[in-house]
Amino acid sequence: MDPRNGRRRLVLIPIQLASYAIIAIMGQTTQNINILFVNEVDNNLANVAVEVALNYVKKNPQLGLSVDMMYVEGNRTDSKDLLQALCSKYGQSLSENRPPHLLLDTTLTGVSSETVKSFSLALGIPTVSASFGQEGDLRQWRDLTPTKRGYLLQVMPPADMIPQVIRSIIIYMNITNAAILYDNTFVMDHKYKALLQNIPTRHVITTIADDRDRASQIEKLRNLDINNFFILGSLASIKQVLESAKNEYFERNFAWHVITQEQKDLTCNVENATIMFLRPMSDSSSKDRLGSIRTTYNLKQEPQITGFFYFDLTLRALIAIKNILQSGSWPSNMKYITCEDYDGTNTPNHTIDLKTAFIEVTEPTTFGPFEIPKGGKMQFNGNTYMKFDMDINAVSIRSGASVNTHSLGTWEASLNAPINVANEAEIKNLTADVVYRVYTVVQAPFIMRDPTAPKGFKGYCIDLLNKIAEIVEFDYEIREVEDGKFGNMNENGEWNGIVRKLIDKQADIGLGSMSVMAERETVIDFTVPYYDLVGISIMMQLPSTPSSLFKFLTVLETNVWLCILAAYFFTSFLMWIFDRYSPYSYQNNREKYKNDDEKREFNIKECLWFCMTSLTPQGGGEAPKNLSGRLVAATWWLFGFIIIASYTANLAAFLTVSRLDTPVESLDDLSKQYKILYAPLNGSSAMTYFQRMADIEAKFYEIWKEMSLNDSLTAVERSKLAVWDYPVSDKYTKMWQAMLEAGLPNSLEEAVQRIRNSTSASGFAFLGDATDIRYQVLTNCDLQMVGEEFSRKPYAIAVQQGSPLKDQFNNAILMLLNRRELEKLKEQWWKNDDVQNKCEKPDDQSDGISIQNIGGVFIVIFVGIGMACITLLFEFWYYKYRNNSKVIDVAESTDQQHGGTIVKNVRPAGKLMKQDSLKDSTKGHNYQNLRTRTLMPNLSKFQPRF
């Protein structure tokens, strides 16, 4: 812009090559080169390396270079001042007739880098840039024409290539989560998306926090379910991060990878850690040159790889410009314009092939050769870099000292090169075991404590999680949630239990009989259901029907039995009296009835027998002969018929009613009575159900009330709302109030104890998940499940909202479902469980009378048989050994003097005498001794036989 007239003016300055030709003719081989060096604040290493490169050129005249450098420094965030400085320096060089042959750009990133790219593109200045960015990241150079691509070059610095090793490590070790921390020695702005693109790894890329927030930063990353940490930075920054982490973060479920540009050893004050340590290695073929440059030109600043990169890049760019000038390829009509002259459309059209010249430079490099794409569709910019290798080591640190370092492999710098592993087993040991934090609530048979189990717990859900772990390949550590709740939301929208743990990122998995609920799904995610729909059911104490072997006797009261017994004896006594004193009875008319076939004398024994047998189907036998006796017998028969019929009917009814005595059979029955208390578990899904139903009823009542009292309604409309019955049910409102009055148990064990402490006057019913109740019934013989299930909901595994575990677990559960593994687990824990009690089968309505209730009849038989046996023995004894009886032996002989009978021997009863041959000594006669048994009172009637 001309200050005199305000117009833009174009300044054309021809390049005077005549002097160069004259110098060549005269034999002078030194080429003068003007460069404009643009650097960024705090990038002091670039300044040092460029100065060393210029000094190297001066001390090596064989290079044939003479360099005149102009220097511009800018701030990464201030483009205006930088542009003004560039325009000023550039305008000054044009006014002095020494325009720059090359713009050497060592800005790193940000607006400073974009300003330099825009400046060089607009004014057509040949540029070699060492800015960060892959292909397409340099926005100002994104759509260059082929001509401009020939002189606008970018070579990526080592710090832009080193982060690519993270991609290679993650791919090789199949890492699913990563936190990438970096300091100011690396630039990662352009790698947030590109670094792990198309890799299913959940990751966070962030700068290292300051000293005050560094520990909390690591804690927050851990709460994001990240256990693989990558640190990019200087050794000092790496040391600070490692020392800020808790000791528990160096356990087997964590992995630390530290990556630096420096070549020194890793040191940090941690207690016990094994860390993957990566650092660059120089090219073995260039070690002599590197050592010479370090010592001769004092280029010793760290990181060395970056310093030598700037050195090699500067030297190569200068030689490339020299070769172009000396070969005559530099345009003879080179035109330049100032910043004031640029209008957005008048960029000079230069045809300088700096790219080819840069590629053809044969000067050896110091740290590593440049990798330059040759041919094909790959562009120079974003794909050119210095080649080098990264050494991969495992460093073991104990009590702050490095005790062991061994090599694991190498990585050759590239955008997609894999790592070269020397020891696969050891590098696998550095992989963070995928260990998820599982929180649960103990509830049999899903989760049960077992100190002998590997994880301290057993149950259906533990077996399920183990099978999922085999498919997804992970390990887990399980803990019981402190408050013992699955998760409920209070009035302030705050959660407790497992849901709280998942929200706060303190848990990865929520395991147990956890119901899928709408409000829970707003803050956490659920997998597909692993269990059938489970509803709420009722658990009560199993009514104990008293059993008695003589239950058939309890049909009639004791006084009734006594009355029957009295009637029996009284009737028997009357029959005996009537038969004894009636003139028409058998015993008083023996001659009249002597020809009858049955001659029965009704003495007291026969009367008792007759009345007893009359009550049986066998009948009493022959009835009395007299009419009065028969009337008594008929009356007894009628009495017996009525008693037996009544007894039979009452016995059947009594046994049936005792088995039908169930006070509650459904939720409606429970709500309509007040004798039995009932309540769900505090904080359970059942409690939420009843509380919510009560709230809905209250809201419906308010809506109906508001409609009924609405003054804007007409009389006709209001009359349509008038009903005699209450239109809104208050069933759940009353039930919820009754539950609060009864008190909600805090644990299932407390609920079971309250049920067992129930009495007939005040019972207790528990409302809970049907699976929990069903298991309690299986393992306790004194409990029963009443009614049908209601409010059925599925069980699922809970994970953090947005967690990748949801899809992984879904696939695993569906695989198990297809393999029928879930059915096997259900069979194992509900039917084949060792703790299942072998309960006696309760009497059912369709069952017959049990032996416990009718066994007394058999006892009656055995008692009768026993009495008969005793009676038989008594009869035998009574017949054989009569009271006061004796057995005598009588011997008859002829007394010569008296001619009478002589009693020779008399013996007591029971002594049987043998026959004796009595011989009369005087007569010489033999007599048979006659033996007889007789009572002593009848001895006088005995007539001897001879």
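Summarised in this report is the structure supplied together with it. (Residues numbered from 1 in each chain as written. Predicted model: local features only at pLDDT ≥ 70, side-chain atom pairs only at ≥ 80, totals over all residues. Heavy atoms only, no water.)

## Some details on the overall build of the protein chain
Link 1 in the chain: The secondary structure content of the protein chain amounts to 27 helices and 31 strands.
Link 2 in the chain: Every one of the 946 residues in the protein chain was classed for burial, and the buried ones make up 45%.
Link 3 in the chain: Accessible area for the protein chain stands at about 49900 Å²; split by element, carbon and sulfur atoms hold 52% of it. (Helix = DSSP H or I, 4+ residues; strand = E, 2+ residues; numbered from the N terminus. Buried < 20%, exposed > 50% of the residue type's maximum accessible area, 1.4 Å probe, protein only. Areas by Shrake-Rupley, 256 points an atom, 1.4 Å probe, with all protein chains shown as cover.)

## Points about the packing of aromatic side chains
Link 1 in the chain: Considering all chains together, one arrives at 33 aromatic pairs under this definition.
Link 2 in the chain: Considering the side-chain rings of Phe229 and Trp256, the 4.4 Å spacing of their centres and the 10° angle between planes classify their relative orientation as stacked. Residue Phe229 is located in strand β8 (residues 228-232), and its partner Trp256 is located in strand β9 (residues 255-259); the two are separated by 27 residues in the primary sequence. There is no split in this pair, since Phe229 and Trp256 are both buried.
Link 3 in the chain: With a centroid separation of 6.2 Å and an interplanar angle of 55°, the aromatic rings of Phe309 and Phe370 are classed as tilted. One end of the pair, Phe309, is in helix α11 (residues 304-327); the other, Phe370, is in strand β11 (residues 370-371), with 61 residues separating them in the sequence. In this pair, the class of Phe309 matches that of Phe370, namely buried.
Link 4 in the chain: Following the ring pairs from residue to residue traces out a cluster consisting of Phe309, Tyr310, Phe358, Phe370 and Phe380.
Link 5 in the chain: Over the ring of Phe358 we find Arg316; its NZ or CZ atom is 5.2 Å from the centre of that ring.
Link 6 in the chain: Above the ring of Tyr476, the side-chain terminus of Lys455 is found at 4.9 Å from the ring centroid. (Phe/Tyr/Trp six-rings, centres within 6.5 Å; stacked < 30°, edge-to-face > 60°. Lys NZ or Arg CZ within 6 Å of the ring centre and 35° of its normal.)

## Focus: the state of the cysteines
Link 1 in the chain: Per the stated rule, a full pass over the model turns up 1 disulfide.
Link 2 in the chain: Each disulfide pairs two cysteine sulfurs, and for Cys87 the partner residue is Cys339, the sulfurs being separated by 2.1 Å. Classification of the bridge connecting Cys87 and Cys339 rests on its S-S torsion, roughly -95°, and on that basis the disulfide is left-handed. Of this pair, Cys87 sits in helix α3 (residues 79-95) while Cys339 sits in the loop between α11 and α12 (354-360), and the two are 252 residues apart along the sequence. (Disulfide = S-S within 2.5 Å.)

## Description of the pairing of strand β14 (residues 401-412)
Link 1 in the chain: As judged from the 10 bridges shared by strand β13 (residues 389-398) and β14, these two strands associate in the antiparallel manner. Bridge pairing in β14 places Arg398 opposite Ala401.
Link 2 in the chain: Hairpin remark: β13 followed by β14, antiparallel, with 2 residues in the connecting loop; positive phi at Ser399, about 55°. (Pairing = 2+ DSSP bridges.)

## Observations regarding the sheet that holds strand β20 (residues 509-511)
Link 1 in the chain: Read from one edge to the other, the open sheet built from 5 strands follows the order β19-β16-β20-β26-β21, with strand pairing classed as mixed. Only two strands of the sheet have a single neighbouring strand rather than two, namely β19 (475-480) and β21 (524-526). Put simply, the sheet's adjacent strands are angled 30° from each other on average, direction ignored.
Link 2 in the chain: Looking at chain direction, β21 and strand β26 (residues 798-800) are connected through 3 bridges and run antiparallel. When the sheet's bridge partners are listed, Ile524 is paired in β26 with Gln800. (Axes fitted to C-alpha atoms, helices over the stretch in contact; angles between N-to-C directions.)

## A closer look at the sheet that holds strand β22 (residues 531-541)
Link 1 in the chain: Taking strand neighbours across the sheet as the criterion, the 4 strands line up as β23-β24-β22-β25 in an open arrangement whose pairing is mixed. Edge positions in the sheet fall to β23 (677-680) and β25 (783-795), since each of these pairs with one other strand and no more. Each strand axis lies, on average, 20° off the axis of its neighbour in the sheet, ignoring direction.
Link 2 in the chain: Strands β22, β24 (764-769) and β25 of the sheet are contacted by helix α23 (residues 748-756), whose axis makes an angle of about 150° with β24.
Link 3 in the chain: Lying on the sheet, helix α24 (residues 770-779) is in contact with β22, β24 and β25; it crosses β25 at an angle near 150°. (Contact = heavy atoms within 4.5 Å.)

## Some remarks on the side chain of Asn34
Link 1 in the chain: The topology assignment puts Asn34 in strand β1 (residues 31-40).
Link 2 in the chain: From its side chain, Asn34 meets the backbone oxygen of Pro99 in a polar contact 3.3 Å long.
Link 3 in the chain: Leave out the neighbours within four places in its chain, and Asn34 touches Asp68, Arg98, Pro99, Pro100, His101 and Leu102. (Polar contact = N/O pair within 3.5 Å; in protein donor to acceptor, adjacent residues only side chain to side chain.)

## With respect to the pattern of salt bridges
In a structure, side chains of opposite charge can pair up when their charged atoms sit close to one another.
Link 1 in the chain: Enumeration according to the criterion identifies 28 salt bridges in this entry.
Link 2 in the chain: Asp211 is the partner of Arg214 in a salt bridge, and the nearest nitrogen-oxygen pair spans 2.4 Å.
Link 3 in the chain: Look at Arg214 and you get buried, because its relative accessible area is 6%.
Link 4 in the chain: Shared partners join several salt bridges into a network, and the residues in it are Asp68, Glu96 and Arg98. (Salt bridge = Lys/Arg side-chain N within 4 Å of Asp/Glu carboxyl O.)

## Concerning the environment of Val632
Link 1 in the chain: Among the secondary structure elements, Val632 is positioned in helix α18 (residues 627-659).
Link 2 in the chain: When the C-alpha atoms of Val632 and Leu574 are compared, they prove to be 7.6 Å apart, with 58 residues separating the residues in sequence.
Link 3 in the chain: Dropping the residues within four chain positions of it, Val632 is found in contact with Thr571, Leu574, Met575 and Phe578.

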